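# A closer look at the structure
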Amino acid sequence: MKPDRKKVRLLINPNSGMGTALDRIRQSLLDHWDLPGTDLTIQFSKSKEDGQDKVKRAVDEGVHTLLVAGGDGMINSIGSVLIGSDVALGVIPTGSGNGLARHFDIPLDPSAAVAALARAEAKAIDVGFANDLPFFITCSLAWDAALVNTFEKSPVRGILPYVFAAVYEFFEYHPQPFTLQLDEETEIQIEDPQLCTIANLSQYGGGAQIAPGAKADDGQLQLVVIRRRNFAKVLPMVGKIFDGTIDRLREIETHSFHKLTVHRQKEGPMQLDGELLSAPAEVHIRVQPRALNVLVP
Ligand SMILES: Nc1ncnc2c1ncn2[C@@H]1O[C@H](COP(=O)(O)OP(=O)(O)OP(=O)(O)O)[C@@H](O)[C@H]1O
């Protein structure tokens, strides 16, 4: 069914630590979205599967705008169903990292986000795929993936446990050699890759900008690689990642590409939009240009 502009649906992740945000989101919806003639419905996404079923139904029912209150993991699971559709995805950030919302300057206060999205335009953004699994923000394959394992065990969310996990895994993670085949033209061999991130948007979340120059709709992805260094050399990089100047460091290699194959010696961790998976030794990355419509204020 063709989307009907009047049909707006809000899907809420009750697992993403919303606290009192729900009341404020409700009020902001009434103020900015519940206009005469609008068919506004609110649903909860109890799990990834439940959310995806509800989104499929929303698409079938001709919903035009799907607002999602959740973190980057939730956005990934819901957005995956919307790839290639005409539905506009509006992100109300209630997660801990909120990398997608930060990239697009969507207000981090959920009720302010609801208001800003009411005035936003839909913009088609690129979607990355790693072994056919979609990602909108980043995919990581080395220490930058392994640290998510430690972060997920932390009972608290936010930037501090993330930094703690990064330091802890810095000493635990043992790099394995990677061969990187970019667009069938360039081959790069790296004996000791510490960090190997593929970025569609600029940051992991929490303000940590790993690819400050990444553009959402340029039809390309960015590969960012850092070789193993001693801890004293890595420490100054932390400030650079937060002030958006990490790409000026000599130690960083950045390449834009459409297609990339990563050959590792053995299987290893993979991070997709903040979620940790185990991936085989060979990972195929590609981009689908302008495949997802996102509301950008
Ligand atoms: N569609 C979904 N519906 C309900 N829960 C989901 C969905 N997708 C993921 N989750 C789970 O919800 C929890 C919170 O995830 P979410 O991505 O919303 O927030 P977060 O992880 O704090 O945010 P961020 O990724 O921005 O740091 C996780 O346990 C995640 O596995």
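In what follows, the structure referred to is the one given above.
So, a few notes on the structure that sits alongside this text. Computed from a predicted model, the values in this text were never measured in an experiment.

### A few points about the site of the ligand
Taken together, the neighbourhood of the ligand is formed by 19 residues, with Asn13, Ser45, Gly71, Gly73 and Ser96 sitting nearest. In this structure, asparagine 13 approaches the ligand through a side-chain N or O atom, which is 2.9 Å from an oxygen atom. Here an oxygen atom of the ligand sits 2.9 Å away from a polar atom, N or O, in the main chain of glycine 97. Protein contact buries 79% of the 630 Å² of open area that the ligand shows by itself. Here the ligand occupies the largest pocket. If one sorts the elements of the shell around the ligand by residue count, helix 3 (residues 72-82) sits on top with 5 residues. Within the shell around the ligand, the residues separate by chemical class into 2 nonpolar, 13 polar and 4 charged.

### As for a nonpolar patch on the surface
Residues Ile159, Leu160, Val163, Val167, Phe171, Leu235, Val238 and Phe242 make up a contiguous nonpolar surface patch of about 680 Å² in total accessible area. At the level of secondary structure, the elements contributing two or more residues to the nonpolar patch comprise helix 7 (159-172) and helix 8 (231-242). Inspection of the secondary structure puts valine 167 in helix 7.

### Observations concerning helix 1 (residues 21-32)
Relative to the 16 Å expected for 12 residues at 1.5 Å per residue, helix 1 spans 16 Å between its end C-alpha atoms, a close match to the ideal helical length. Of all the residues in helix 1, the buried ones are Ala21, Ile25, Ser28 and Leu29. All buried residues of helix 1 lie within an arc of 105 degrees about the axis, which places them on one face of the element. Of the surrounding elements, those touching the buried residues of helix 1 are strand 1 (4-12), strand 2 (39-44), strand 3 (63-70), strand 4 (88-93) and helix 5 (110-118).

### Thoughts on the packing of aromatic side chains
Under the counting rule described, the total for this entry stands at 2 aromatic pairs. When the centroid spacing of 6.1 Å and the interplanar angle of 90 degrees are considered together, the rings of tryptophan 143 and phenylalanine 170 count as edge-to-face. Pair noted here: tryptophan 143 is in helix 6 (residues 143-153) and phenylalanine 170 is in helix 7, with a separation of 27 residues, a long-range link. As far as burial versus exposure is concerned, tryptophan 143 and phenylalanine 170 are alike and both buried. Geometrically, the ring pair formed by phenylalanine 170 and phenylalanine 171 is edge-to-face, given 5.4 Å between the ring centres and 80 degrees between the ring planes. Assessed through its relative accessible area of 3%, phenylalanine 170 is described here as buried. With a relative accessible area of 49%, phenylalanine 171 lands in the partly exposed category. Ring-pair connections join several aromatic residues into one group, and the members of that group are Trp143, Phe170 and Phe171. Sitting above the plane of the phenylalanine 170 ring, arginine 228 keeps its charged end 4.5 Å from the centroid. When the ring centre of phenylalanine 129 is taken as origin, the NZ or CZ atom of arginine 286, which lies over that ring, is 4.2 Å away.

### Some words on the environment of leucine 67
Among the structural elements, leucine 67 can be located in strand 3. Each C-alpha atom of the pair leucine 67 and isoleucine 25 lies 11 Å from the other, and the pair is 42 residues apart in sequence. Setting aside residues up to four positions removed in sequence, leucine 67 forms contacts with Val8, Arg9, Leu10, Leu11, Leu29, Trp33, Gly90, Ile92, Leu117 and Leu295.

### Comments concerning the pattern of salt bridges
Here the structure, examined in full by the defined rule, presents 7 salt bridges. Notably, a salt bridge pairs glutamate 61 with arginine 9, separated by 2.8 Å at the nearest N-O pair. Placement of glutamate 61 in the loop between helix 2 (48-60) and strand 3 and of arginine 9 in strand 1 is noted, with a sequence separation of 52 residues between them. By relative accessible area, which is 9% here, arginine 9 ends up buried.

### Regarding the packing of helix 7 against helix 8
Packing of helix 7 against helix 8 brings their axes to within 12 Å, and their N-to-C directions diverge by 155 degrees. For the element pair helix 7 / helix 8, the angle class is roughly antiparallel. Between helix 7 and helix 8 lies a crossing whose hand is right-handed. Residues Ile159, Val167, Phe170 and Phe171 of helix 7 touch helix 8, and the partners they reach there are Phe231, Val234 and Phe242. Split by residue class, the contact of helix 7 with helix 8 holds 7 nonpolar, no polar and no charged.

Criteria and cut-off values
Residues numbered from 1 in each chain as written. Predicted model: local features only at pLDDT ≥ 70, side-chain atom pairs only at ≥ 80, totals over all residues. Heavy atoms only, no water. Near = heavy atom within 4 Å. Polar contact = N/O pair within 3.5 Å; in protein donor to acceptor, adjacent residues only side chain to side chain. Areas by Shrake-Rupley, 256 points an atom, 1.4 Å probe, with all protein chains shown as cover. 1 Å grid on protein atoms, 1.4 Å probe; cavity = no way out; pocket = protein on both sides within 12 Å on 5 of 7 lines; lining within 4 Å. Sits in = over half its atoms within 2 Å of the grid points. Helix = DSSP H or I, 4+ residues; strand = E, 2+ residues; numbered from the N terminus. Nonpolar A, V, L, I, M, F, W, Y, C, P; charged D, E, K, R; others polar. Patch = residues over 30% accessible without salt bridge, like charges linked within 9 Å, V, L, I, M, F, W, Y side chains within 5 Å. Salt bridge = Lys/Arg side-chain N within 4 Å of Asp/Glu carboxyl O. Expected span 1.5 Å × (residues − 1). Buried < 20%, exposed > 50% of the residue type's maximum accessible area, 1.4 Å probe, protein only. Arc of directions from axis to C-beta. Contact = heavy atoms within 4.5 Å. Phe/Tyr/Trp six-rings, centres within 6.5 Å; stacked < 30°, edge-to-face > 60°. Lys NZ or Arg CZ within 6 Å of the ring centre and 35° of its normal. Axes fitted to C-alpha atoms, helices over the stretch in contact; angles between N-to-C directions. Parallel < 35°, antiparallel > 145°, perpendicular 65-115°, else oblique. Left-handed = near helix turned anticlockwise from the far one by under 90°.

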